[in-house]
Every structure is written in structure tokens, then in C-alpha cells.
Amino acid sequence: MAFAPFLIPLTALALSLLLFGGFVSLAGANALEVYHSIYRGAFGTWFSWQNTLVSAAPLMLTALCTALPARLGLIVIGGEGAVVLGGLAAALTGLALIEANPWVALFGMALAAMLAGGLLIGLVGWLRHSRNVNETISSLLFNYISIAILSFLVIGVLRDPETLNKPSTHHIGETHMLGALGESSIHWGFGFGLIACLLLWILYKRTVFGFAVDMVGGNARAARLSGLPVGRIVFLVCLMGGAAAGLAGMVEVAAVHGRANTSLNAGYGYEGILIAFAARHHPLAIVPMAILFGGIRAAGSLMQRDHDLPDATSLVLQGMIFILLLASEAVFAHLARKRGGAA
Amino acid sequence: MSNLALEAINVSKRFGELRALDRVSLKLAKGGIHALLGENGAGKSTLVKCIVGFYTPDEGEVLLGERQQTIANPRDAHDLGIGMVYQHFTLIPNMTVLENLVLARPHLPAVIDWKKERRAIGERMARMPFQLPLDASVNHLAAGEKQKLEIVKQLLLDVKVLILDEPTSVLTPDEADEVLGRIRDMTRESGLSVLIITHKFREVMTYADDVTVLRRGKHAGSARVSDVDVKGLAEMMVGSEFSQTALAREAVAEQPVKLDIAGLSVEDDSGMSAIHALSLKVKAGEIVGIAGVSGNGQRELVEVLAGQRPSAGGEIRVMGEVYAGRRRDLLRHGFHCLPEEPLRNASVARMSVAENLAFRRFDQAPFSVGGFLRRGAMAVAAARAIVDFKVRPPTPDTPIGDLSGGNVQRAILARELGERQGRPMNVLVVANPCFGLDFTAVAEIHGRIMAARNAGAAVLLVSEDLDEILELSDRIHVMSAGRLVYETTPQAAEPIVIGRHMAGHGGENHVH
Ligand SMILES: Nc1ncnc2c1ncn2[C@@H]1O[C@H](COP(=O)(O)OP(=O)(O)OP(=O)(O)O)[C@@H](O)[C@H]1O
Ligand SMILES: [Mg+2]
């Protein structure tokens, strides 16, 4: 069935909206009006579109952190830690290069962030391959460790004494900030996200490396029989996933906050996990999913304000979409098997 | 009362363009063994999967003792007393025997009282045809034990009809005799009805009461086993045109050593020594057969050669250079390996046939240029290989996991033994290449292995089938407890002596 790839997510989406309508009705709001608010807050105006896309930018990058290793059969949930370390590395590099040409500084920040995030998740992959440490648990623990390192440093040695309420590093300098796309308020992070998804899709779909990843992920024994360096491939894929999430941290620092502080730990990494699963780990499908989830994020405050709903309401909607997407996928796979066709 | 346990009438099933079953009927009598024969890809597995509701047939029906029954899924089949053992193991590897047996029940209580289950299953196990250690992890069971566990799993569900898809392909002849003998006793004692798929005429003639033959998805004939002979069955399977050609073993002059294993030691999964300081040389134009009972280190030996397991000591040299299974060396030296169980060891089930055929060369021209894949070139090469090795269905983009067991084997053979664009094949390691292949395919594979030898490859053949070893080898080693304990040639070989060494009772006349 050629249309199944679209039919499945659309059905799931419609169902979850219905279910969510029931939920907000129970909470005492008018479902139709809530739908309208979500639409307005997320996609209704150019202003809301900009907010949506700004939220979608880091989500695309963190989703890649789960989606890339998923092709190897690894469930990595360390995006949050990679964002945090990436942001921290970017801020430090930015401060070190504060006298340098802005392009050099931005390039250095991006590189440092990708390296920090990449090495973190690369370490997860290495532990899995050579020490058989479960990658899901190690990456979860690394999240906590990374967040602790960030807090320790920004409260301690790296703290700019002028930041009172929210301890932060010094500012990287307004001239070194990552700019916006054209006249909009959408920053370049969105472009990074799009390009990363596109490039990695090409890498997976069209290159020799992607083929080798499919072999290792599909059957490591067969890959070894063909002489592939399985450990190196596992490490590289994790490194790339971590680098994407690290870049998200750089974008948050260089385009939004100007400093590293605990705002880096805003749940983008965790939301990226949902997006990766909802997109079935397909790099291109991540783009619309990230925009959808970014929209829900952007509409959250409107829902709260106009309908007096608790601020966790948007999380409920995200959760429903996630669960129904996975469930519908299982149902479709079952039907495909009965027909005997390729699932 | 009818004397039929089950009847399938005019069942058809197609997969895309391929008619896997075309109006096939089958009558299974109560309390007997019915064999289902046919070439690889004839539709045997598809037929039984339709019977148990794993597939929904496109047309036709299944009757259970006169009443028409809709069996929509394997759970319905279970409720009606039908159990099936699939061609590939369906056990949960990390769990124990007991856990596997309990979890197989379709209607489980919310909370499992393991103590009670243990007692109940322990008691019933005593009356089963095979005894299995309840606390052993399935990981550590040998193939034969796994197969027995699959059967016991069904018997404990009180099935009245038991369907077995190639249960003996992974068993030695002795194990097969044990399993089939016990099952025949059960059909006599308790009225169990058994439908069994096999490629081995000997098993059909010895154990079955009735036989049905499929050919290319069509019903080719049914008979009482007492009324047919092997030749008649073979003709029914392939049509009348079959002919057997003898293997041509060409004389080769003294040749250089191409595969040289020196002092190799290997550990098994649990870190115990599986192979002790094994040394072996294989020369060009020579087939060296390794005979032995499975579980004596053969699997570990092949895994080390295949690059799937690290060695714990010693050295492997291919073409005089130290060999570690890296991709570069694999291609440069023309090293080829056909491990057993190709779906587990040599292919990626969800990748297409064309992709699986490209594993050796996907990073070389013409399959890729500048790091980018050329899928068109892969498809063209695959189409040729599919014709050459008669893979069915002949569609390169079917996922290889959807192919019948024998067709997966053929596809992998095509990759390792097929077109090489002029590169020589220097070393060929083969393990149990004919598990699950029909007799025409067996003859063809043997022919290809012999051809590789005649063309100058050094061939190492590891097989549990002594007849295969005797037929193909130039030299024979017997492997027992991780050592090569006896060497002989097919001409000088005495089966009794080989058997004694295989069993580990070499006695005084040790060679090594
Ligand atoms: N899901 C599927 N999709 C496409 N083709 C299939 C599928 N399942 C089976 N086939 C093809 O249908 C034919 C019949 O397959 P089946 O598994 O019934 O063969 P078989 O008689 O059991 O053979 P073997 O002895 O090799 O196990 C084969 O050509 C097989 O490759
Ligand atoms: Mg079969």
C-alpha cells in the first residue's frame, strides 16, 4: 500500500485530537474552542508560525539523536545530556573566542558543541558495544550527570556575578549571536535542523555508509561475516546523533540565551525522543513531526491563558499523539502480515 | 464420526505476482503421520501457515473433522487443538525452558504462580516423549534440544493435531530417529495426528503413513506410503525430467596451502574453552571435511573463520598472510564463507534479496561510485544471480526474510559462490550447506562446491552429515571435544571407526 506511510500518522493524529477533545471537556473547557486556540497559537498567524518553527529547530536536532542510533536497534535517550553539554561547550568556546571574528567564533562554537554532544553519545555506543552496557540506561544516567555538571559550573566557577536569579555564564557578546533568517524571528537553528535532517537522510538512504548501518542494525552477525567493523560503525552513528543534539545546545546558546544556564535543560532532548519514534526514525519525517510538536509547544501558553487549563495540558496532547501513533503502527503491521505482504 | 482430523480444500494464496498455492487440498487422517513433500518454495510452509491461521488464504477452506471452521489466527487454531512448530525457532532465547513453556499458553492468568507451574509442568514432563531441564536457559540448548522443546511446548498444550515444519532439518539422523520415533508412538497411543514437512525420503518411508506432494504451488499427488517408493516420490516432486549427475572430481597436482590454521584456541559464549590448539592446513584444490557430533566446537570454529567470534590464541593464515576477517582481506584474498542457518548468520531479513546479494561488494564499483550506492547495478546483478541459482520468487526487491527457507539458502549461496567478476575464490568455508534443501538442490550445491575445488579453492567443509562428508571430501578429520582426533580419507574410512572417534572413544590408535 503506497499511501500507508501517510495514512497511519494521519489516522493517529485525528484520533488523538478527538481523544484530547474529550480530555479538555472533562477539564471543563470547550473542545472546539481549544482546538481553535491550538491552531491559532501554532499555525494561525505568521507570528505563531515563527514561534512554532523556533521551537521546532532544536527538536529536529534532538530527534536525530534518537533516530540515528535506532537504525542500529539502539534506543538512546541521551539527547537532553548532549544538548546540555553541547550548550556548555558552545558557551565556553564563545567566551574563549570573544575577541575573534564572529564567523570564526560561531564556527568554533558549533564545532565544540557537536564534539561534546557527539563524544557523550559516542561513549554510550562504545560502552554498549565493548562492555555490553545497556545504552538506554547509560544515556539516561548521562543526562543526569550532564545536567549536574552544568549546574555545578554555572553556579560555581563560570558564573557571571551579574546573573542573580538564574546563574549563568558570561554573555558570548551580541555581535557573536546566531542571526535570524531574513526578516523573520526564526533563527538559523531552524536551517541547521532542516539541513541536518536532509543530509542524514541522504547518508542513510544513498550512501555506502548507510548500507553498512542497515547491515549492522539488521543483523550484526551477517555484518561481521562480511567483514564490517561493527564497533566502529556503532560508535560513529552514536557520535553523529550526539553531535546533532549538541548542535541544538549551541543553537539555544548562540541564538536564544547568549549564555549557558539551566534553561538548556528545557526538555528538548526528551521531546526529541517522542518525535523520533513518532517519525519512525525517518530523518525526513522528523521535520513535520518536529514542527507539529513545536506548534503544540508554542500553543501551550495560549491554551493555558484562554481556557484556564493547567500547563501540563500540552504534554497530555503530546503523549496521546505519541501513544496512538505507535499503537496504529502496530495494528497496521499486523494487518500487513495477515495479507502476507511486506509489512 | 469421520476418520479425518483435518481437511484443507482448494486453498490458494498469492504473494504479489507469485502463486504460492494454487487450489491445494489435503486430508489428514486421525492418529497417523502425514508427510508433506515438495521442492524448496513448493508452498509447504505457506499451506500449513494457512491451516493454522497465520495467513488468511485467498480462497478455499479448512475443515476440522467435518465441520467447517474459520481459523482466523493461531490462537483460534490453538483453541481447536491445532499446534504448529515453525520452520524457524520461536523460543525466547534469554528465558529458561520453564518460562518458555508457561508463556506459550495463549490464556495466561494475570499473575503467574511459578511454584505451581513448576510442579505441574514437572509432573507432566515425566510423561512427555522428551525430558528437558526446566531451569536451563534456552540460549545454552543445542539445536536438537531446542527442537524437542518446541515440540514439547505444543504437546503440553494438549494439541490433537500437531504440525511440524521441517523439524529434522537441524537434527542429526540419530536425533531425527529419536524425535520421529517418539512422535509415532504418540500417534499410536493417544490418537495424535501429525502433519510433518521434511526433505528426507528416508524419514517419509520409515515413519509416515500417508504422503502428499506439492509442486510449484500445486497438488502433485497423495498416496499411502506403503504404495510408493522413493523414485516415485522424487518424480512426483520435480516432474519426470529429473536426472542425477555424478560429481566430477578432477585430479589436481600438488598445490600450495591456502588456509593455514595454527594452534587455534577459542572460547564459547560462557568463556569455557571450546577449541584447544587446533591446527589444520587446507591446500588449493582440496576439500577437507570436518565430521563430528554438533556441539564439539565446529560452530565456534566456523564463527572464528567468519569473523563472528574472537580467537583466544593461535593464528589463521590465508594465502600466507595473517587473517582477521577484515573486509579488505576478505575481498583481497577471495575468502568466502557459508555459515549454517543463513537467516541468522549470513543475511539481514528485512533487507531485500538484491541488497543481501550485494553484501560482499556494495562498497565497490559498479555497486557504488564515490561512496554513493548504485541500486540499479545491484538489481541487475541480483536478477542474474536469481536466475543462475533458481531463487523463487524471482523478484530482487522482496525482503529476504519472506523467502522460503530453502530459497534463503540459495540466495546466500548465490552471493558466496556466484559471479565474482574475475576475482579468484581462494578459500571456501562451508558449514552444513544442505540443511533444509530439497534433493535436487543438494545435488546442485554439492556440484558447485566440487567445482570451486576443481577451480583451485581450498575448501573446508564442516558438516554433521557423514554421508555428505564422505561424498565430497579429499581428506577427513573427526572433531571431538574441541580437538581434531582422527584423520582419514574417504577411501580408507570405516564408518565404525569414524563413529567411535566422533563419540570421543578413539582408543589407542590415536593419530594426533
Ligand atoms: N511473505 C512472502 N512474500 C513473498 N513471497 C513469499 C512469502 N512467503 C513465501 N513466499 C514465496 O512463496 C513460495 C512458497 O514458499 P513456502 O515458504 O511455502 O515454501 P516451502 O515449500 O516451505 O519451501 P522450503 O522447503 O524452502 O521451506 C516461495 O517461492 C517463497 O519464496
Ligand atoms: Mg518451508
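Residues numbered from 1 in each chain as written. Chains lettered and ligands numbered in written order. Predicted model: local features only at pLDDT ≥ 70, side-chain atom pairs only at ≥ 80, totals over all residues. Heavy atoms only, no water.

**A look at the overall build of chain B**
The helix and strand inventory of chain B stands at 17 helices and 22 strands. At 24 Å, chain B has a C-alpha radius of gyration in line with the 24 Å of a compact globule built from 512 residues. Taken along its principal axes, the extent of the C-alpha atoms in chain B is 70 × 55 × 50 Å. Across the 512 residues that make up chain B, the buried fraction comes to 54%. When the accessible surface of chain B is summed, it comes to about 22000 Å², and 51% of that surface belongs to carbon and sulfur atoms. (Helix = DSSP H or I, 4+ residues; strand = E, 2+ residues; numbered from the N terminus. Rg over C-alpha atoms; globule rule 2.2 N^0.38 Å. Buried < 20%, exposed > 50% of the residue type's maximum accessible area, 1.4 Å probe, protein only. Areas by Shrake-Rupley, 256 points an atom, 1.4 Å probe, with all protein chains shown as cover.)

**What to know about the overall build of chain A**
When helices and strands are tallied, chain A shows 13 helices and 0 strands. Secondary structure of chain A in N-to-C order comes out as α-α-α-α-α-α-α-α-α-α-α-α-α. In terms of overall size, chain A behaves like a compact globule, its C-alpha atoms giving a radius of gyration of 21 Å where 343 residues would be expected to give roughly 20 Å. Seen along its three principal axes, the alpha-carbon backbone of chain A occupies a region of about 65 × 60 × 35 Å. In chain A, which comprises 343 residues, the share counted as buried stands at 53%.

**Some words on the domain arrangement of chain B**
All names here are of chain B. As assigned here, chain B comprises domain 1 (4–238) and domain 2 (257–511). For domain 1 and domain 2, the distance between their C-alpha centroids amounts to 30 Å. At the interface, 17 residues of domain 1 touch 16 residues of domain 2. Each partner contributes to the roughly 1500 Å² buried at the junction of domain 1 and domain 2, and carbon and sulfur atoms together form 58% of this total. Joining domain 1 to domain 2, the criterion identifies 2 residue pairs in polar contact (both at pLDDT 80 or more). Looking at the side of domain 1 that touches domain 2, the element that brings in the most residues is helix α8 (residues 230–238), giving 3 residues. Looking at the side of domain 1 that touches domain 2 residue by residue, the class counts come to 6 nonpolar, 8 polar and 3 charged. (Domains from an automatic or database assignment. Contact = heavy atoms within 4.5 Å. Buried area = accessible area lost by both parts, 1.4 Å probe. Polar contact = N/O pair within 3.5 Å; in protein donor to acceptor, adjacent residues only side chain to side chain. Nonpolar A, V, L, I, M, F, W, Y, C, P; charged D, E, K, R; others polar.)

**Focus on the state of the cysteines**
As enumerated under the stated definition, the model contains 0 disulfides over all chains in all. Note on C434 of chain B: no disulfide assigned, nearest cysteine sulfur contributed by C337 of chain B at a separation of 15 Å. (Disulfide = S-S within 2.5 Å.)

**Focus on the coordination of the magnesium ion (ligand 2)**
Residues and elements named next belong to chain B. The magnesium ion (ligand 2) binds to the protein through S45 (OG) and Q87 (OE1); the donor distances cover 2.0 to 2.3 Å. Placement of S45 in helix α1 (residues 44–51) and of Q87 in the loop between β6 (82–85) and α3 (97–103) is noted, with a sequence separation of 42 residues between them. What makes S45 buried here is its relative accessible area of 14%. (Donors = N, O, S within 2.8 Å, 3.2 Å for Na, K, Ca; no water.)

**Here's the deal with the interface of chain B and chain A**
The interface is formed by 40 residues belonging to chain B together with 25 residues belonging to chain A. In this structure, the connection of chain B to chain A is made through 1 salt bridge. One salt bridge connects R221 of chain A with E303 of chain B, and the closest N-O pair in it is separated by 2.6 Å. Between the two partners, chain B and chain A, sit 10 residue pairs in polar contact (both at pLDDT 80 or more). Broken down by secondary-structure element, the contributors of at least two residues to the side of chain B that touches chain A are β1 (4–15), α10 (327–332), α11 (342–345), β18 (372–373) and α13 (375–388) of chain B. Examining the composition of the side of chain B that touches chain A, we find that 3 residues originate from one element, α11 of chain B, more than from any other. Split by residue class, the side of chain B that touches chain A holds 19 nonpolar, 10 polar and 11 charged. (Salt bridge = Lys/Arg side-chain N within 4 Å of Asp/Glu carboxyl O.)

**Comments concerning the pairing of strand β7 (residues 161–165) of chain B**
Residues and elements named next belong to chain B. The buried fraction of β7 is high, at 5 of 5 residues. Side chains V161, I163 and D165 project from β7 onto one buried face, and the interleaved L162 and L164 project onto a second face that is buried too. As paired strands, β6 and β7 are joined by 4 bridges and run parallel to one another. Looking at β7, one finds that G83 is bridged to L162. Two elements, β7 and strand β8 (residues 193–197), share 5 bridges in a ladder whose sense is parallel. From the neighbouring strand, D165 faces β8, where its bridge partner is I197. Regarding topology, helix α6 (residues 173–190) serves as the crossover connection from β7 to the parallel β8, and that connection is right-handed. (Pairing = 2+ DSSP bridges. Right-handed = clockwise from strand over helix to strand, strands pointing away.)

**A closer look at the sheet that holds strand β15 (residues 321–322) of chain B**
All names here are of chain B. The strand order β12-β11-β14-β15 describes an open sheet built from 4 strands, whose pairing is antiparallel. One side of each edge strand has no neighbouring strand; the edge strands of this open sheet are β12 (273–283) and β15. Pairing of strand β11 (residues 257–267) with strand β14 (residues 313–318) involves 5 bridges; the strand directions are antiparallel. Bridge assignment links L259 to a residue of β14, and that residue is V318. Most of the contacts of helix α9 (residues 298–305) go to β11, to which it runs at about 120°, and overall it touches β11, β12 and β14. (Axes fitted to C-alpha atoms, helices over the stretch in contact; angles between N-to-C directions.)

**Considering the side chain of T93 of chain A**
Within the fold, T93 of chain A resides in helix α4 (residues 79–96). Beyond its immediate chain neighbours, meaning those up to four positions away, T93 of chain A contacts G108, M109 and A112 of chain A.

**Description of the packing of helix α11 (residues 268–278) of chain A against helix α12 (residues 283–307) of chain A**
Residues and elements named next belong to chain A. Two numbers describe how α11 lies on α12: the axes approach to 9 Å, and their chain directions differ by 135°. One finds that α11 runs oblique with respect to α12. As for how α11 packs across α12, the hand of that crossing is right-handed. In this structure, α11 contributes Y268, E271, L274, I275 and A278 to the contact, and α12 contributes I286, M289, A290, F293 and R297. Looking at side-chain class alone, the contact of α11 with α12 contains 8 nonpolar, no polar and 2 charged residues. (Parallel < 35°, antiparallel > 145°, perpendicular 65-115°, else oblique. Left-handed = near helix turned anticlockwise from the far one by under 90°.)

**As for a nonpolar patch on the surface**
Residue and element names in this part refer to chain A. Together, I137, L141, Y144, I145, I149 and Y270 make up a nonpolar patch on the protein surface, roughly 570 Å² of accessible area in all. No other element matches helix α6 (residues 135–155), which puts 5 residues into the nonpolar patch. Counting through the fold element by element, I149 comes out in helix α6. (Patch = residues over 30% accessible without salt bridge, like charges linked within 9 Å, V, L, I, M, F, W, Y side chains within 5 Å.)

**Overview of the sheet that holds strand β9 (residues 210–215) of chain B**
Residues and elements named next belong to chain B. Spatially, the 6 strands line up as an open sheet ordered β6-β7-β8-β3-β9-β10, and their pairing is mixed. Each edge of the sheet is formed by a strand with only one pairing partner; in this case those strands are β6 and β10 (218–224). Strand-to-strand twist across the sheet, computed as the mean angle between neighbouring axes with direction ignored, equals 15°. Helix-sheet contacts for helix α5 (residues 143–155) involve β6 and β7, and the interaxial angle to β6 is about 170°.

**Quick notes on the confidence of the model for chain B**
Residue and element names in this part refer to chain B. Summing up the model confidence of chain B, the mean pLDDT is 88 and the portion of residues at 70 or higher is 96%. At the level of individual helices and strands, chain B shows its lowest average pLDDT in strand β5 (residues 67–69), which scores 70, and its highest in helix α12 (residues 353–357), which scores 97. Low pLDDT, under 50, characterises residues 508–512; the predicted model gives this stretch 9 contacts beyond four residues in sequence or across chains. Across the interfaces of the predicted complex, the ipTM metric reaches 0.86, alongside a pTM of 0.86. (pLDDT = per-residue confidence, 0-100.)

**Re the site of ligand 1**
Around ligand 1 lies a shell of 24 residues, among which G41, S45, T46, S404 and G406 of chain B are the nearest. With respect to ligand 1, its neighbouring residues span chains A and B. In this structure, an oxygen atom belonging to ligand 1 sits 2.8 Å away from a main-chain N or O atom of G41 of chain B. Separating an oxygen atom of ligand 1 from a backbone N or O atom of G405 of chain B is a distance of 3.5 Å. (Near = heavy atom within 4 Å.)

**Brief notes about the packing of aromatic side chains**
Per the stated rule, a full pass over the model turns up 11 aromatic pairs over all chains. Look at F20 of chain A and F23 of chain A: their rings are 6.3 Å apart centre to centre, the planes differ by 25°, and that puts the pair in the stacked class. Of the two residues, F20 of chain A and F23 of chain A are both situated in helix α1 (residues 4–26); the distance of 3 residues between them amounts to about one turn of the helix. Residues F54 of chain B and Y55 of chain B carry aromatic rings whose centres are separated by 5.4 Å and whose planes lie at 65° to one another, so their mutual orientation is edge-to-face. Over the ring of Y268 of chain A we find R297 of chain A; its NZ or CZ atom is 4.2 Å from the centre of that ring. In this structure, R448 of chain B is placed above the aromatic ring of F389 of chain B, and the distance from its NZ or CZ to the ring centre is 3.7 Å. (Phe/Tyr/Trp six-rings, centres within 6.5 Å; stacked < 30°, edge-to-face > 60°. Lys NZ or Arg CZ within 6 Å of the ring centre and 35° of its normal.)

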